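Architecture and fold: a report
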Amino acid sequence: MKPDRVFFDRNVVDVAHDLVGMSFCLNKVGGIIVETEAYDLEDAAAHSFKGKTVRNRSMFGKPGCAYVYRSYGLHWCINIVCQTGCAVLIRALEPKYQIEIMSERRQTSNLKLLCSGPGRITQALAIDAQLDGRDILHAPFEIYGRQSPNIVSGPRIGITKAVDLPWRFGIRASPFLSRKFADRISRS
């Protein structure tokens, strides 16, 4: 399966769930999405909650575009835009494609540390602000396939608002998660 614009033009929580198990690459470097988080326009934790700004303008773009921002001034994060003001944060990948390149960029050969967190993903895949607003449905991005993983859900990580929403999704017991989940099963 290769998602299209319609796939992303849906409820952000559904998209976040359905992205888990898909392959995600930039210039043939990447892996399988093992963890995501949903952020909705009506969600106080979303960058779009207070309206459109220079920083978040990509969140108001067309579905299937990248929203790339710097977190805490330290590292880049990549999200995929869904409906207006909504986006899915890619939290963790299982490294699969061009592992040597990712290892060199991250200066580690530990597979569990290559892409287990948003900042690690962007460093491993060389994602930065130049890709903000780019269409992930076309090169240099690739997103395709889907395993049938056992998906779990739970609260999002690293936020202070709307912390109770179970909008973090991941593959149960994946060693590549940014953080383990409590034992709560999502819909499959």
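Anyway, here's the lowdown on the structure attached to this text. Think of each chain on its own: its residues are numbered from 1, step by step along the sequence as written. With the structure being a predicted model, the display of local features is reserved for residues of pLDDT at least 70 and the display and counting of side-chain atom pairs for 80 or more, all residues being used for whole-chain, interface and lining totals. Side-chain measures were taken over the full set of non-hydrogen atoms in the model, leaving aside hydrogen atoms and water.

What follows deals with the pattern of salt bridges. Oppositely charged side chains can pair when the atoms bearing their charge come close. Throughout this description, the term salt bridge denotes a Lys or Arg side-chain nitrogen within 4 Å of a carboxyl oxygen of Asp or Glu. One pass over the structure, following the stated rule, counts 8 salt bridges. Across the salt bridge formed by Asp18 and Arg10, the nearest N and O atoms sit 3.0 Å from each other. Burial classification: accessible surface area is computed with a 1.4 Å probe over protein chains only, and a residue below 20% of its type maximum counts as buried, one above 50% as exposed, and the rest as partly exposed. Looking at Arg10, the relative accessible area reads 24%, which means it is partly exposed. With its nearest N and O atoms 3.1 Å apart, the salt bridge here joins Arg91 to Glu35. Of this pair, Arg91 sits in strand β5 (residues 87-97) while Glu35 is found in strand β2 (residues 29-39), placing the two residues 56 residues apart along the sequence. Helix numbering and strand numbering both begin at the N terminus, where a helix is a DSSP run of H or I of at least 4 residues and a strand a DSSP run of E of at least 2.

With that out of the way, let us pick up the pairing of β2. The buried fraction of β2 is high, at 11 of 11 residues. At least two bridges found by DSSP between two strands are what make those strands a pair. In this structure, strand β1 (residues 23-26) lies alongside β2, joined through 4 bridges in antiparallel fashion. From the neighbouring strand, Phe24 faces β2, where its bridge partner is Gly31. Between the end of β1 and the start of β2, which pair antiparallel, lie 2 residues, with Asn27 showing a positive phi angle near 50°. Pairing geometry for β2 and β5, over 9 bridges, is antiparallel. Directly across from Ile32, in β5, lies its bridge partner Glu94. Summarising the sheet, β2 and strand β8 (residues 168-171) pair through 3 bridges and their orientation is antiparallel.

Time to look at helix α2 (residues 12-19). Buried residues dominate α2, accounting for 6 of its 8 residues. The definition of a polar contact used here is a pair of N or O atoms within 3.5 Å, where within protein one atom must be able to donate a hydrogen and the other to accept one, and adjacent residues in sequence count solely through side-chain atom pairs. Backbone nitrogen of Val13 and a side-chain oxygen of the N-cap are separated by 2.8 Å at the start of α2; the cap is Asn11. Just beyond α2, the residue with positive phi is Gly21, at close to 100°.

What follows covers the packing of aromatic side chains. What counts as a ring pair is set by centres within 6.5 Å for rings of Phe, Tyr and Trp (its six-membered ring), and what kind of pair is set by the plane angle: stacked under 30 degrees, edge-to-face over 60, tilted for all other angles. Throughout the structure, instances matching the rule amount to 3 aromatic pairs. Ring geometry for Phe7 and Phe8: centres 4.9 Å apart, planes at 80°, overall edge-to-face. For the pair Phe7 and Phe8, a shared accessibility class is recorded, and that class is buried. Placement of a charge over a ring requires the Lys NZ or Arg CZ to be within 6 Å of the ring centre, with the centre-to-atom vector within 35 degrees of the ring normal. Sitting over the face of the ring of Phe7, Arg10 holds its NZ or CZ atom 4.5 Å from the ring centroid. Arg168 extends its terminal NZ or CZ atom over the ring of Phe181, reaching a point 3.8 Å from the ring centre.

Positionally, Pro155 belongs in the loop between β7 (151-154) and β8. By relative accessible area, Pro155 is classed as partly exposed at 41%. The sequence separation of Pro155 and Gln98 amounts to 57 residues, and the corresponding C-alpha distance is 31 Å.

Let's shift gears to the nonpolar core. Side-chain atoms within 4.5 Å link the members of a nonpolar core, which is a set of buried Ala, Val, Leu, Ile, Met, Phe, Trp, Tyr and Cys residues. By size, the foremost hydrophobic cluster in this structure holds 45 residues, and its most contacted members are Phe8, Leu19, Phe24, Ile90, Leu125 and Ile143. Membership of the second largest hydrophobic core comes to 8 residues, among which are Tyr39, Tyr69, Cys77 and Ala87.

Keep in mind these values describe shape, not function.
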